Amino acid sequence: MILDGKCPTGPIETSWDRHRFDTKLVNPANKRKYKVLVVGTGLAGGAAAAPLGELGYNVEAFCYQDSARRAHSIAAQGGINAAKAYPNDGDSIYRLFYDTIKGGDFRAREADVWRLSQVSNNIIDQCVAQGVPFARDYAGYLDNRSFGGAQVSRTFYARGQTGQQLLLGAYSALSRQVKAGTVKLFVRREMLDLVVVDGVARGITCRNLCTGEIETYWGDAVVLATGGYVNVFYLSTNAMGCSVTATWKAAKKGAYFANPCYTQIHPTCIPQTGEHQSKLTLMSESLRNDGRCWVPKKKEDCEKPAGQIAEEDRDYYLERKYPSFGNLAPRDIASRAAKEQCDDERGVGPGKRGVYLDFKDSINRLGQATIAERYGNLFEMYEKITDENGYKQPMRIYPAPHYSMGGLWVDYNCMSNVPGLFVLGEANFSVHGANRLGASALMQGLADGYFVIPYTVGGYLATVKPGQVKTDHAEFKKSVEDVNADIKKLLSINGKKTPSELHRELGKVMWNNVGMARSKESLTEALKLIPKIREEFWNNVKVTGVGEEFNQQLENAGRLADFLEFGELLAKDALNREESCGGHFRTEHQYDDGEAKRDDENFCYAAAWEFKGAGKEPELHKEPLKFDNVHLAVRSYK
Amino acid sequence: MKLKLHVWRQKGPNAPGKLETYEANHVSPDQSFLEMLDEVNEVLVKEGKDPIAFDHDCREGICGMCSQIINGMAHGGQDRTTVCQLHMRSFKDGDEIFIEPWKAKAFPIIKDLAVDRGNYDRIIQAGGYTSCHTGGVADGNALLIGKEIADYSMDAAECIGCGACAASCPNSSAMLFASNKVAQLAVLPQGQVEAKRRVVAMLDEATACGFGNCTNHYECQAACPKGINVKFIAKLNREYLKALLP
Ligand SMILES: Cc1cc2nc3c(=O)[nH]c(=O)nc-3n(C[C@H](O)[C@H](O)[C@H](O)COP(=O)(O)OP(=O)(O)OC[C@H]3O[C@@H](n4cnc5c(N)ncnc54)[C@H](O)[C@@H]3O)c2cc1C
Ligand code: SF4
Ligand code: FES
């Protein structure tokens, strides 16, 4: 099937304004009759639930943590983009649009990206009004910094805790609505099923993580804002609880999963130290504003302390390879470059899987105090983990799985192919194409939440009668039975391996075969190995305890069960995409200098996969991508 | 290294609890404290025993989910460090470690080391915001905010809502938590309009939740993994007085 994103036609500059005008409205007096479920309280979910409540809808919001304030958006460090052009350095909505399309290697929809760029400015204003303490200069104006993939300074920030401050802003707006009675919060709930009645999304089934009770909730629309899936690699910069569960369960109920192979490996993370490691820690990309990446030119030097390697023996490889963007080359490119140096046996640190990020020159130029003011908390974090002082010796970094550009397929209204099911933030596939630029995810989450969904959910609700299906419907009962059966099965296996052992095994296969460099061979191997681990899981996993209690092993096992199915789809998508683009690098498809080689003739489409049943081949639906406002070009940062 | 752990085990909110002893025999100094507990749990699971329940998520010191009293000190007592950021290199071979949950009436235990901190959410819901509607706000640069003010506000806003402050306070006071939100917003032009209403509502809610009063022990500041300063409590008191004046 050829999919249609239903984007507005005509001049792109006015597309969103015209679409908003064309979208149906719900009469103010009728809004409270509708109930909207919002799963996820991160930037996307929190920012969606609050204005929906303000508008007068009945909102129920869910998260698996013990508070809405703890969604993993909280961990974002570096900043959020907007096309304010305050520094007068040539920025504009068009440039942000262009940079995002190019950064995504021409694999995103133009209209969605335009809208994102357009509303980016409203986000900053909204956050300021909420009391988000953005960095300011001495005259009291908002300050900006630069991020990868852009030659202008358009990133707004709050020290190294931008995500935290933005999320607390959204959380405060949400809290205000809880007080007002328009939003009901359900914390420590994990969505384990989407309830679909006659092809329409009607509600969800959750496990109460405190009591183990299986609960159902009905809604006239269901909004998923459940974040990304890179924990499929086991080690990543995501929080321990981040999973594909909510979106995968929706996929199993008919929602198409788009571009799962577009995963982002972030260049600046703290290298792994050992097998015990449970997660990897990101050092914000903003560090590349003032830090220089290098490795020794000679293999022999790799064992020496950094300070003993002479200036002329250092290879500042990003500056060498990409003179115009230098250390601010986009993430996919910077990550592959780091891998190249280490594959060439010029890596540093334990296992030689690391490169230096050196602040010596900027400390000499600006003084340690300035660097500390910009990144103090990152240096502190680095020292806590590595026991090394980043001011005195260069930091060691290595790429790590970080972000998922892929996600559930949605149309221009952020609605999936299942009517009534909306998907926002990292959970959808919409705006970042094959690679996301730094500081653009926070922008997307808040754009979707504050400024898109209040219109488009309204447009949908205006076409349906409120409260048509409630939890007494047979589909809800069936959903509870299915969820209970799965839990029972997990608890009854009583095998020998723990969920985390098996998750590590899956992670290794994904990282080695479906990581930074993929080939037909490695992917075929992954497609053999993943089902084996899955089979072992269902025969040999050990989950202690019972379902009717606080049971973290059971939570982990359930999430892993979904990763084991989803990982296979990710590898299939990667195998299908016979080109290199953005974060998806197929070793067969590269130019002589090692740069990614896109194939626009055959792959200029979004790949949306339909689940056809366990063990059956998924069906591929294509949404062709059209570029009317930018010229499809080889992406160069040289 | 080898360690002996004494861990608070409690099946459920109303069940009795007690300290149980476990051994951690292959601890690497590069491991984080939670990774050490993960390994203890792996062994327990393999033996078919109930693993230790503890809250955690980001494991990088920002989500505020992790919450343990280690050797009598919230988050282990290291300066500006959450439990998840604590590394085993700060312990030595043969150490005995006591691990307990947050202790405060307003944070009831769910299981083992996991507690219910819903009352902190309630304090924010009472007024920890500016009442701006989405859309239709002024340009971000319309009101200038001096760098010192923005920095002060940010110092306050760094709170991660972990609960260590109330858990360390002899009165179980939530004052440090409430004060940083009050202070963050009170100094900003956007927050000043509602300042009086906010401080009263948040304090009333804290009392209603069962948190105690502040009698200047400053245990909260010592325990706070984000180094939130007690000067914000003084600021809160000033704001409160202002609110009471006609
Ligand atoms: C370390 C780090 C640093 C980053 N830095 C930046 C940056 O500087 N700039 C930038 O733009 N982007 C950054 N990003 C990316 C950005 O933070 C995320 O992409 C974005 O915040 C995701 O927001 P979200 O609302 O989509 O998801 P999340 O914030 O992950 O929220 C997901 C929500 O869904 C809930 N949930 C998930 N599954 C379920 C379920 N089954 N049932 C119930 N609830 C569920 C969770 O409880 C949570 O509330 C960073 C990411 C990381 C990991
Ligand atoms: S003030 Fe400090 S101790 Fe209290 S909740 Fe905030 S971060 Fe935790
Ligand atoms: S786990 Fe997030 S702060 Fe410790």
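Keep in mind the model is a prediction, meaning the values are calculated, not measured. (Residues numbered from 1 in each chain as written. Chains lettered and ligands numbered in written order. Predicted model: local features only at pLDDT ≥ 70, side-chain atom pairs only at ≥ 80, totals over all residues. Heavy atoms only, no water.)

Enquirer: How should I be thinking about the site of ligand 2 in this particular structure?
Expert: All names here are of chain B. Residues in contact with ligand 2 amount to 14 residues; listed here are only the nearest, Cys159, Cys162, Gly163, Cys165 and Cys224. For the shell around ligand 2, the secondary structure elements donating two or more residues are helix H4 (164-168) and helix H5 (175-186). Tallying contributions element by element places H5 first for the shell around ligand 2, with 3 residues. Of the residues belonging to the shell around ligand 2, the class tally is 11 nonpolar, 3 polar and no charged. (Near = heavy atom within 4 Å. Helix = DSSP H or I, 4+ residues; strand = E, 2+ residues; numbered from the N terminus. Nonpolar A, V, L, I, M, F, W, Y, C, P; charged D, E, K, R; others polar.)

Enquirer: Can you help me understand the pattern of salt bridges in this one?
Expert: Close approach of charged atoms allows side chains of opposite charge to pair. Overall, the coordinates contain 84 salt bridges over all chains when judged by the stated rule. In this structure, the salt-bridge partner of Lys497 of chain A is Glu505 of chain A, at a minimum N-O distance of 2.8 Å. The salt bridge partner of Lys92 of chain B is Asp95 of chain B, with a shortest N-O separation of 3.4 Å. Residue class for Lys92 of chain B comes out exposed when judged on its relative accessible area of 57%. Residue classification places Asp95 of chain B among the buried residues on the basis of a relative accessible area of 17%. Through salt bridges with shared partners, a single ionic network connects Asp105, Arg107, Asp332, Arg577, Glu579, Arg598, Asp600 and Arg635 of chain A. (Salt bridge = Lys/Arg side-chain N within 4 Å of Asp/Glu carboxyl O. Buried < 20%, exposed > 50% of the residue type's maximum accessible area, 1.4 Å probe, protein only.)

Enquirer: What should I look at first to understand the sheet that holds strand E8 (residues 214-218) of chain A in this one?
Expert: Backbone hydrogen bonds hold the strands of a sheet together, and the pairing may be parallel or antiparallel. Residues and elements named next belong to chain A. Strand order in the open sheet formed by 3 strands is E6-E7-E8, and the pairing between neighbours is antiparallel. Either end of the sheet is taken by a strand with one partner, and the two such strands are strand E6 (189-197) and E8. Strand-to-strand twist of the sheet, defined as the mean angle between neighbouring strand axes without regard to direction, takes the value 25 degrees. In terms of strand pairing, strand E7 (residues 200-208) meets E8 through 5 bridges, oriented antiparallel. Residue pairing in the sheet places Thr205 in a bridge with Thr216 of E8. (Pairing = 2+ DSSP bridges. Axes fitted to C-alpha atoms, helices over the stretch in contact; angles between N-to-C directions.)

Enquirer: Is there a simple way to think about the site of ligand 1 in this case?
Expert: All names here are of chain A. With respect to spatial proximity, 36 residues lie near ligand 1, and among them Gln65, Ser73, Met191, Glu426 and Leu442 are the closest. Contact between ligand 1 and Ala225: an oxygen atom at 3.3 Å from a main-chain N or O atom of the residue. Glu426 places a side-chain nitrogen or oxygen 2.7 Å from an oxygen atom of ligand 1. Out of a free accessible area of 1,000 Å², ligand 1 has 97% covered by protein chains. Spatially, ligand 1 is embedded in the largest cavity. Mapped by element, the contributors of at least two residues to the shell around ligand 1 are helix H3 (43-55), E6, strand E15 (395-404) and helix H12 (441-461). For the shell around ligand 1, the leading source of residues is E6, giving 3 residues. (Polar contact = N/O pair within 3.5 Å; in protein donor to acceptor, adjacent residues only side chain to side chain. Areas by Shrake-Rupley, 256 points an atom, 1.4 Å probe, with all protein chains shown as cover. 1 Å grid on protein atoms, 1.4 Å probe; cavity = no way out; pocket = protein on both sides within 12 Å on 5 of 7 lines; lining within 4 Å. Sits in = over half its atoms within 2 Å of the grid points.)

Enquirer: I would appreciate a short explanation of the environment of Gly160 of chain A in the present structure.
Expert: Residue and element names in this part refer to chain A. Following the sequence through the fold, Gly160 ends up in the loop between strand E4 (155-156) and helix H6 (162-180). The sequence separation of Gly160 and Met283 amounts to 123 residues, and the corresponding C-alpha distance is 9.6 Å. For Gly160, the residues in contact, after removing those within four places along its chain, are Ala76, Gln77 and Asn377. (Contact = heavy atoms within 4.5 Å.)

Enquirer: Could you clarify how one ought to interpret the domain arrangement of chain B in this entry?
Expert: Accessible area lost on assembly of the parts is the figure often given for the size of an interface. Residues and elements named next belong to chain B. Each assigned domain of chain B is listed here: domain 1 (3-111) and domain 2 (118-244). Opposite the 16 residues of domain 1 that make contact, domain 2 presents 20 residues. Here domain 1 and domain 2 share an interface that buries about 1,300 Å² over both sides, 57% of which is from carbon and sulfur atoms. Looking at the side of domain 1 facing domain 2, the largest losses of area belong to Arg80, Ala106 and Phe107, adding up to 38% of the total buried there. For the pair domain 1 and domain 2, the number of links is 0 salt bridges. Where domain 1 touches domain 2, the interface holds 4 residue pairs in polar contact (both at pLDDT 80 or more). By residue class, the composition of the side of domain 1 that touches domain 2 is 8 nonpolar, 5 polar and 3 charged. (Domains from an automatic or database assignment. Buried area = accessible area lost by both parts, 1.4 Å probe.)

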